[in-house]
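Residue-level structure breakdown
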Amino acid sequence: MSLPRITHLPSGRLLSTILHHQPLLPSIIPLTVPKRAVIQGEYRRPGQPKKTKFAWQKINFNFSKGLEGIKKHFTLLKKEFTDRWVGPEGKPIVEHMLEQNRVVWEFRGPESLREWTVSSDREIGGHSEAYLKLGRNNNTCFLYGTLSSTPPRDGETRYSGYCTMRSKQPLASFDRKKHHDWSSFNTLQLRVRGDGRPWMINVSAETYFSHQKDDIYCYFLYTRGGPYWQDVKIPFSKFFLTHRGRVQDDQHPVWLDKVVQRKIPSQSDDKTDVSLP
Amino acid sequence: MNPYILAILLFGLGLGTTITFASSHWLLAWMGLEMNTLAIIPLMTQHHHPRAVEATTKYFLTQATAAATLLFASVTNAWLTGQWEIQQITHPLPSTMITLALALKIGLAPLHAWLPEVLQGLDLTTGLILSTWQKLAPFALILQLQPSSSTLLIILGLTSTLIGGWGGLTQTQLRKILAYSSIAHLGWMFLVLQFSPSITLLTLLTYFIMTFSTFLVFKLNESTNINTPATSWAKAPALTALMPLILLSLGGLPPLTGFMPKWLILQELTKQGLA
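The residue numbering used here restarts from 1 in each chain and proceeds along that chain's sequence as written. Think of it this way: whatever chain is written first is A, whatever ligand is written first is 1, and the rest follow in order. Totals for whole chains, interfaces and linings use all residues, but because this is a predicted model, local features are given only for residues with pLDDT of at least 70 and pairs of side-chain atoms are given and counted only at 80 or more. As a convention, hydrogens and water are excluded, and side-chain values are obtained from all of the structure's heavy atoms.

**A look at the overall build of chain A**
Only runs of H or I of at least four residues qualify as helices and only runs of E of at least two qualify as strands under DSSP, and these elements are numbered from the N terminus. Check the secondary structure of chain A and you find six helices and twelve strands. Throughout this description, buried means an accessible area under 20% of the type-specific maximum (1.4 Å probe, protein chains only), exposed means over 50%, and partly exposed covers the range between. A burial count over chain A gives 32% of its 277 residues as buried. The contacts in chain A between residues at least 6 apart in sequence include a share of 66% that link residues at least 24 apart. Per-residue and other accessible areas were derived by the Shrake-Rupley procedure at a 1.4 Å probe size, with only the shown protein chains allowed to occlude residues. Working note: accessible area of chain A is about 19,500 Å², and carbon and sulfur atoms make up 55% of it. Contacts are assigned to residue pairs that have any heavy atoms within 4.5 Å of one another.

**Digging into the overall build of chain B**
Scanning chain B for helices and strands turns up 13 helices and zero strands. If you list the helices and strands of chain B from N to C, you get α-α-α-α-α-α-α-α-α-α-α-α-α. In summary, chain B has a C-alpha radius of gyration of 19 Å against a globular reference of 19 Å for 275 residues, a match within 12%. With the principal axes as the frame, chain B shows a C-alpha extent of 65 × 50 × 30 Å. Within the span of chain B, comprising 275 residues, buried residues form 53% of the whole. Partitioning the intrachain contacts of chain B with sequence separation of at least 6 by distance along the chain shows that 72% fall at a separation of at least 24. Total accessible area on chain B is roughly 11,700 Å²; 73% of this is exposed by carbon and sulfur atoms. Averaged over its 10 positive side-chain charges, chain B has a centre that lies 8 Å from the centre of its 7 negative ones. In this setup the radius of gyration rests on C-alpha atoms only. A globule is expected at 2.2 Å times the number of residues raised to 0.38. Think of it this way: Lys and Arg go in the positive column, Asp and Glu in the negative one, and His and the chain ends go nowhere. A charged residue contributes its charge at one atom only: NZ of Lys, CZ of Arg, CG of Asp or CD of Glu.

**Here's the deal with the side chain of B:Asn227**
Locating B:Asn227 in the fold gives a position in helix H11 (residues 227-230). A relative accessible area of 14% places B:Asn227 in the buried class. Among the polar contacts listed, one links the side chain of B:Asn227 to the side chain of A:Ser184, at a separation of 2.8 Å. Those residues in contact with B:Asn227 that sit more than four places away from it in its chain are A:His96, A:Met97 and A:Ser184. Pairing of N or O atoms within 3.5 Å defines a polar contact, subject to two protein rules: one partner must be a possible hydrogen donor and the other a possible acceptor, and residues neighboring in sequence count only if both atoms are side-chain atoms.

**Topic: the environment of B:Thr20**
Tracing the backbone through its elements, the reader meets B:Thr20 in helix H1 (residues 3-22). For the pair B:Thr20 and B:Asn36, spaced 16 residues apart in sequence, the C-alpha separation works out to 9.6 Å.

**A closer look at the pairing of strand S2 (residues 129-134) of chain A**
Residue and element names in this part refer to chain A. Taking every second residue as pointing to the same face, the buried face of S2 carries Ala130, Leu132 and Leu134, while none of Glu129, Tyr131 and Lys133 on the other face is buried. Here S2 runs beside strand S3 (residues 141-147); their pairing, made up of six bridges, is antiparallel. Note on S3: the bridge partner recorded for Tyr131 is Tyr144. For two strands to pair, DSSP has to find at least two bridges joining them. Taking the residues that link successive antiparallel strands as the turn, the S2-S3 hairpin has six residues, and the phi of Asn138 there is positive, at about 60°.

**Describing the interface of chain B and chain A**
Contacts between chain B and chain A engage 24 residues on the former and 22 residues on the latter. Together, the buried faces of chain B and chain A total about 2,100 Å²; carbon and sulfur atoms form 58% of this surface. What counts as buried area is the accessible surface, traced by a 1.4 Å probe, that two parts surrender upon association, with contributions from both included. Of all residues in chain B, B:Arg51, B:Trp166 and B:Thr170 bury the most surface against chain A, accounting for 28% of the area lost on that side. Two residues, A:Lys258 and B:Glu117, come together in a salt bridge whose shortest N-O distance is 2.7 Å. Applying the counting criterion to the chain B and chain A interface returns 13 residue pairs in polar contact (both at pLDDT 80 or more). Looking at the side of chain B that touches chain A element by element, the count peaks at six residues for helix H3 (residues 50-81) of chain B. Side-chain classes follow a simple rule in which Ala, Val, Leu, Ile, Met, Phe, Trp, Tyr, Cys and Pro form the nonpolar group, Asp, Glu, Lys and Arg form the charged group, and the remainder, Gly included, forms the polar group. Broken down by class, the residue content of the side of chain B that touches chain A amounts to six nonpolar, twelve polar and six charged. Whenever Lys or Arg places a side-chain nitrogen within 4 Å of a carboxyl oxygen from Asp or Glu, that contact is recorded as a salt bridge.

**Considering the side chain of B:Thr126**
Residue and element names in this part refer to chain B. Along the chain, Thr126 turns up in helix H6 (residues 124-131). Thr126 gets classed as buried once you look at its relative accessible area, which sits at 3%. At 2.7 Å, the side chain of Thr126 and the side chain of Asp123 are in polar contact. Not counting chain neighbours up to four residues away, the residues in contact with Thr126 comprise Leu43, Met44 and Gln46.

**What to know about helix H9 (residues 174-191) of chain B**
Each helix should span, by expectation, one fewer than its residue count multiplied by 1.5 Å. For H9(B), with 18 residues, the first-to-last C-alpha span of 26 Å sits near the 26 Å given by 1.5 Å per residue. Of all 18 residues in H9(B), 17 are buried, a share of seventy percent or more.

**Some words on the UniProt feature "transmembrane region" (unreviewed entry) in chain B**
Residue and element names in this part refer to chain B. With numbering matched to this structure, UniProt assigns "transmembrane region" (unreviewed entry) to residues 60-80, 92-115, 151-170, 177-195, 201-221 and 233-253. Summarising residues 60-80: 100% helix, 0% strand, and an end-to-end C-alpha distance of 30 Å. The span residues 233-253 is 71% helix and 0% strand, and its two end C-alpha atoms sit 23 Å from each other. UniProt positions are given in the numbering used here, feature names are shortened, and annotations may be inferred rather than shown by experiment.

**Remarks on the packing of helix H2 (residues 26-44) of chain B against helix H4 (residues 92-106) of chain B**
Residues and elements named next belong to chain B. For helices, the fitted line uses only the C-alpha atoms of the stretch in contact; every axis is such a line through C-alpha atoms, and the angle between N-to-C directions lies from 0 to 180 degrees. Close contact between H2 and H4 brings their axes to 13 Å; oriented N to C, the two are set at 15°. Taken together, H2 and H4 sit at an angle that is classed as roughly parallel. In this structure, H2 meets H4 at a crossing whose hand is left-handed. Facing H2, whose interface residues are Trp26, Leu33, Glu34 and Thr37, H4 presents Ile98, Leu102 and Lys105. Here the contact of H2 with H4 is composed, by residue class, of four nonpolar, one polar and two charged. Oblique is the label for any angle not under 35 degrees, not over 145, and not in the 65 to 115 range, which are roughly parallel, roughly antiparallel and roughly perpendicular in turn. Each crossing gets its hand from how the near helix is turned against the far one by less than a right angle, where anticlockwise is left-handed and clockwise is right-handed.

**Details of the state of the cysteines**
Residue and element names in this part refer to chain A. Our working definition of a disulfide is a cysteine sulfur pair at a distance within 2.5 Å. Taken as a whole and assessed by the stated rule, the structure comprises zero disulfides over all chains. With no disulfide of its own, Cys141 lies 12 Å from the sulfur of Cys163, the closest cysteine sulfur. Given a relative accessible area of 6%, Cys141 falls into the buried group. Cys218 takes part in no disulfide bond, and the closest cysteine sulfur to it belongs to Cys163, at a distance of 15 Å. Given a relative accessible area of 5%, Cys218 falls into the buried group.

**Looking at the confidence of the model for chain A**
Note: pLDDT gives the predictor's confidence per residue, expressed from 0 to 100. Mean pLDDT for chain A: 80, with 79% of residues reaching 70 or above. pLDDT under 50 marks residues 1-8 of chain A. Its contacts with residues more than four places away, or in other chains, come to zero contacts.

**Some words on a nonpolar patch on the surface**
Residue and element names in this part refer to chain A. On the surface, Phe63, Leu67, Ile70, Phe74 and Phe174 cluster together into a nonpolar patch covering about 560 Å² of accessible area. Its location among the elements puts Ile70 in helix H4 (residues 63-86). Take Ile70: its relative accessible area is 46%, and that puts it in the partly exposed class. Residues with no salt bridge and a relative accessible area higher than 30% make up the patches, which join like charges within 9 Å and nonpolar side chains (Val, Leu, Ile, Met, Phe, Trp, Tyr) within 5 Å.

**Notes on the confidence of the model for chain B**
For residues with low pLDDT, the predicted coordinates do not support detailed interpretation. When pLDDT is averaged along chain B, the result is 92, and 99% of the positions lie at 70 or above. Mean pLDDT in chain B bottoms out at H11(B), which sits at 87, and peaks at H2(B), which reaches 96.

So this is what it looks like as structure tokens:
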């Protein structure tokens, strides 16, 4: 039996010489562990840089930051326990039942901008730009930028040109997901002063299956562009279900007990400046 | 839904429960439970809303897990003792596994996490069937089991009572409130199971009547959150006037009917000298 010979591993010097002569011996399997992107088959858009680091290598371990995080999360947990004795969502039940409207987002200072994420097609290789800043009197926010519909030259994108501002998902203690419970309400009201272009309002609810990850309920926001502010009231029954931008045949009303995000995207057919205070 | 399909599904529901009631062999009992699960799945997804499909999937996975555990436990018992009688589970291992499997089936804490989400995704009629009819078959088996570990039953009962009360505290969705109410009531039933099964049965029947009434009231008002009943006085003043009685009875307040099982359970527990 030649079993001992089979189990005898080659020496390190021999392995390193094999590595250096790899072009001459292409059939030898590389001896280093492949990167995660290769293992899991992540798709990389043409022109995007290769992912060379594993996920844990990107984390910046910091002891004091960790302590602050522990303190913050335990404080949130304690608040959750005490709020349970007060009422739903930390408010007395009478207040919950009598409220006719609820202000969910208002812009009163720099901390209110941190609740929003601004993005554009620059993430997929496009040329649009979008920025969010506070208005002159710190009472409004101003979303502005440039929309460019020139598609990126990656050989696969045919259409491009969007910019969006999206609210962040509320988080409970230890970064658990929380939801907005809007089941007591039936209309979404916005006060905007647009640039005359049509925008969209997207609402997404918590989903369970990975297939439903891109399910979004949409409706249009036609802005006047004038110097006056516009109060827009959109009943939630008007929102229609889309998946990855495509309107679905099988429509369902949006369930308001687990709303996760609200988004305001804009698209255009040519390069334009956009603004939405 | 097509009335013929609806009739077949409801017949399947009834047949499954009846088979479990009438069986003395574990395999037949398991078959009845599976029929119940499979018959209610199309009823849960009849509206095709993503949330209904989500609730159905969660329900199917939990019930299938419980059924598999039950089957495994009964096969283990057959291997260890050589017989399949439902009332002859004497070995502690299969007995514990079966208790836990049935606890998962009915949504007893700490295996309760699926119940509020599943009930929230369903319409009120299907939720009513889930809260009442679907508990009959597992309870029929639970009542026939020889309690191997009184500690396990007391832990399950106490945990359910506490979690049912705590979880329902600040809920605004009526179906979730009823789910936590179900967990709490099941906890009370389990607490007295080993001492007086007849009181468990009485509690179960009382719970069914109260839950049935509650669900029907909410269905009539088309109310799914706590704000809707507050404005239902204009639509149905008499029913709105009686609704607090039904809800307080479900909460177990004397002198309403819901207090009776709690009183009897506490009385029975005090006689046992558990301290």
